[in-house]
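Fold and contact review
Given next are the chains, with one letter for each unit.
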Amino acid sequence: MQSLKFDRTNGNVPKKIAGEDHISGLMLYTDTLPSGFSESERIKAISQIETAEKLGITADAEAWSTRLLHYHLSEIFRINPGISLYVGIFAKPKATNTYAEVKKMQNFAGGKLRQIGIWEGDVELAADNLTALQGVASTLEGQDMPLGILYAPKITTVTSLPTNLAGDKERVWVVIGQAGSSTSATLYDDDANQTAKASVSGLGVVLGLVSLASVHEAISWIEKFPTGVDVPAFGDGTLLTDLDRTVVESLDAARYLFFVTYAGLAGSYMNDSHTMDDATSDYAYIENVRTMDKAVRGIRTYLLPKLGGNVYIDKSTGQLQTHSVEYLQTTAQKALEDMEKAGELSGYVVEIDPDQDVLSSSEIEIVIRQVGVGVVRRMTVKIGFAESV
C-alpha cells in the first residue's frame, strides 16, 4: 500500500528574543583551549550548545576546564535558549589580574554586551579583584558601553567569607552559590579538580537568569525565575541545608548571590539580586543598574545625532525658544516612553530650563527624573481570630 511518511527532526534553530537586553558574555581563564579556539581567536559567538560542541567544548573533554565550560553553557541555554552569547577563553594572568579582557569582549561584541559572567573559581575571593572589576566596568561606562559583571571566585570556606566587601561596586555581582548535585557535584569531586579544588559555581544559572529577565525584574522573583537547581550548595561544596540560618542571613546581608529554598515550595531560587554596592544605594540591585543602563543607552541613541545641530533663541528674552525646548524634550524622552510602555519604568519627566546661555556656552543641560518599578522583597501579614468579620 502506498504511503507518505514524515520524520520530524530537530533543526536546533536558535530562539530569537527582541531587543538587546539579553546579549551577554561568558569568560574564563585557563591555559587549555578547546579545538575550535586558538591563540589568535579566543572569542566566539555561540548561540546554542551544539555550536559549542562543534568548537570542542564537550561534556567529555579531556580538560577539566573545558568540561566546566560545557556545564555552564548548558545551564545558560537551559535557562534562556534565546540568549545571544559571546564566549571568551583567556590565558591565566601571570601577575595581578586587571581584567582587561572584559574590554576585549565588549569591543568584540560591538559594545552590545549588557552583562558578562567571569569564572575564576580557582582564585580566592579578594577585595582587590572586585575593585579591579568595578574599575573596568566604570571605564566601559565612560566609553558609553556599560555592562554588569557576574563574578564567580573560589570559595574555600563559605563560613569564613568576608562580610565587608560591599560598597561602591554597583557593576560587580558576586556569585558564591553552586549546585550540590548532578553535573556540578561531579565536576567539583572530579579527580582533575582535587589539587586546585576550584569552585564550580552556579555562574551559568545566574547569567541565564539575568539575560532572561527584563531589565526591571529581580532575578529573585519566585514565581517567574526558578533556578532548576535541585540541591543548593556553595562554592566550597557545603550544602545550603548544612548551614545555620544565621550564617545564610549574614551572607545575604553581605550582598552575595546564591540559591535558596522555601518551606512548602518545590525548587530553589535566587536569594536576591544584590550588587556589591551599599544597601542604601540607588544601584543596590541588579535590576536598578540594568534599568538605568537601558535608559541611558536609549536616550543617547536619540540625542547623539542632535549634537552639532541648531537651536533658536528668543530675540526679546535671550532664552531658548519654546519650540526648540519642546523638540529636545520630545527627542530625549522617546526611549523612556518605550520603556514605560514595556513596564520597565513607572514614569519619567524631562526638563530643560529655557534660561540657558547657549550662545556663549554651546551647551544645554537636560534634567531627567525616572520613577522605577518596585520589587516586593518583604510582606507582613497580620492574622488572628475575631468574634465576627
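Use the structure listed above.
Now for a quick tour of the structure. (Residues numbered from 1 in each chain as written. Predicted model: local features only at pLDDT ≥ 70, side-chain atom pairs only at ≥ 80, totals over all residues. Heavy atoms only, no water.)

A closer look at unusual backbone geometry
Even without glycine at this site, Tyr 99 takes up a positive phi of about 60 degrees. Following the sequence through the fold, Tyr 99 ends up in the loop between strand 3 (84–90) and helix 3 (101–108). Although it is not a glycine, Ser 201 sits at a positive phi angle of roughly 75 degrees. With respect to the helices and strands, the residue Ser 201 is situated in the loop between helix 5 (182–189) and helix 6 (203–212). (Helix = DSSP H or I, 4+ residues; strand = E, 2+ residues; numbered from the N terminus.)

So, the sheet that holds strand 5 (residues 148–154)
Taken in spatial order, the six strands make up an open sheet running 2-3-1-4-5-6, and their pairing is mixed. The sheet is open, and its two edges are formed by strand 2 (43–46) and strand 6 (172–174), each paired on a single side. Taking the axes of each pair of neighbouring strands and ignoring which way they run, one obtains an average angle of 25 degrees across the sheet. In terms of strand pairing, strand 4 (residues 115–124) meets strand 5 through seven bridges, oriented parallel. Along strand 5, the bridge assignment pairs Gln 115 with Gly 148. Of the strands in this sheet, strand 1 (23–29), strand 3, strand 4, strand 5 and strand 6 are in contact with helix 6, which crosses strand 4 at around 165 degrees. (Pairing = 2+ DSSP bridges. Axes fitted to C-alpha atoms, helices over the stretch in contact; angles between N-to-C directions. Contact = heavy atoms within 4.5 Å.)

A closer look at the pattern of salt bridges
Counted by the stated rule, this structure contains 19 salt bridges. Residue Asp 122 pairs with Lys 92 through a salt bridge whose shortest N-O separation is 3.1 Å. Linking Asp 122 in strand 4 with Lys 92 in the loop between strand 3 and helix 3, this pair joins segments that are 30 residues apart in sequence. By relative accessible area, which is 26% here, Asp 122 ends up partly exposed. Two residues, Lys 294 and Glu 344, come together in a salt bridge whose shortest N-O distance is 2.9 Å. Note that Lys 294 is positioned in helix 8 (residues 286–303) and Glu 344 in the loop between helix 10 (334–341) and strand 11 (347–351), a separation of 50 residues in sequence. Where salt bridges share partners, they join Glu 20, Lys 112 and Arg 114 into one cluster. (Salt bridge = Lys/Arg side-chain N within 4 Å of Asp/Glu carboxyl O. Buried < 20%, exposed > 50% of the residue type's maximum accessible area, 1.4 Å probe, protein only.)

Examining the side chain of Asn 80
On the secondary structure map, Asn 80 appears in the loop between helix 2 (64–79) and strand 3. Relative accessible area serves as the criterion here: at 2%, Asn 80 is assigned to the buried category. Only 3.0 Å separates the side chain of Asn 80 from the side chain of Ser 211, close enough to count as a polar contact. (Polar contact = N/O pair within 3.5 Å; in protein donor to acceptor, adjacent residues only side chain to side chain.)

Thoughts on a nonpolar patch on the surface
Taken together, the side chains of Val 376, Met 379, Val 381 and Ile 383 define a hydrophobic patch exposed on the protein surface, amounting to about 540 Å² of accessible area. Relative to the helices and strands, Met 379 is located in the segment after strand 12 (367–371). (Patch = residues over 30% accessible without salt bridge, like charges linked within 9 Å, V, L, I, M, F, W, Y side chains within 5 Å. Areas by Shrake-Rupley, 256 points an atom, 1.4 Å probe, with all protein chains shown as cover.)

Some words on the packing of aromatic side chains
The final tally for this structure, using the stated rule, is eight aromatic pairs. Ring centres 6.0 Å apart and planes at 80 degrees place the aromatic pair Tyr 86 and Phe 108 in the edge-to-face group. Here Tyr 86 is found in strand 3, whereas its partner Phe 108 is found in helix 3, with 22 residues between them in sequence. In this structure Tyr 86 comes out as buried when scored by relative accessible area, which is 17%. Taken together, the aromatic side chains of Tyr 29, Phe 90, Tyr 99 and Tyr 151 make up a single cluster linked through ring pairs. Positioned over the ring face of Tyr 285 is Arg 255, at 5.3 Å from the centre of the ring. Lying over the aromatic face of Tyr 285, Arg 377 brings its terminal NZ or CZ to 3.4 Å of the ring centre. (Phe/Tyr/Trp six-rings, centres within 6.5 Å; stacked < 30°, edge-to-face > 60°. Lys NZ or Arg CZ within 6 Å of the ring centre and 35° of its normal.)

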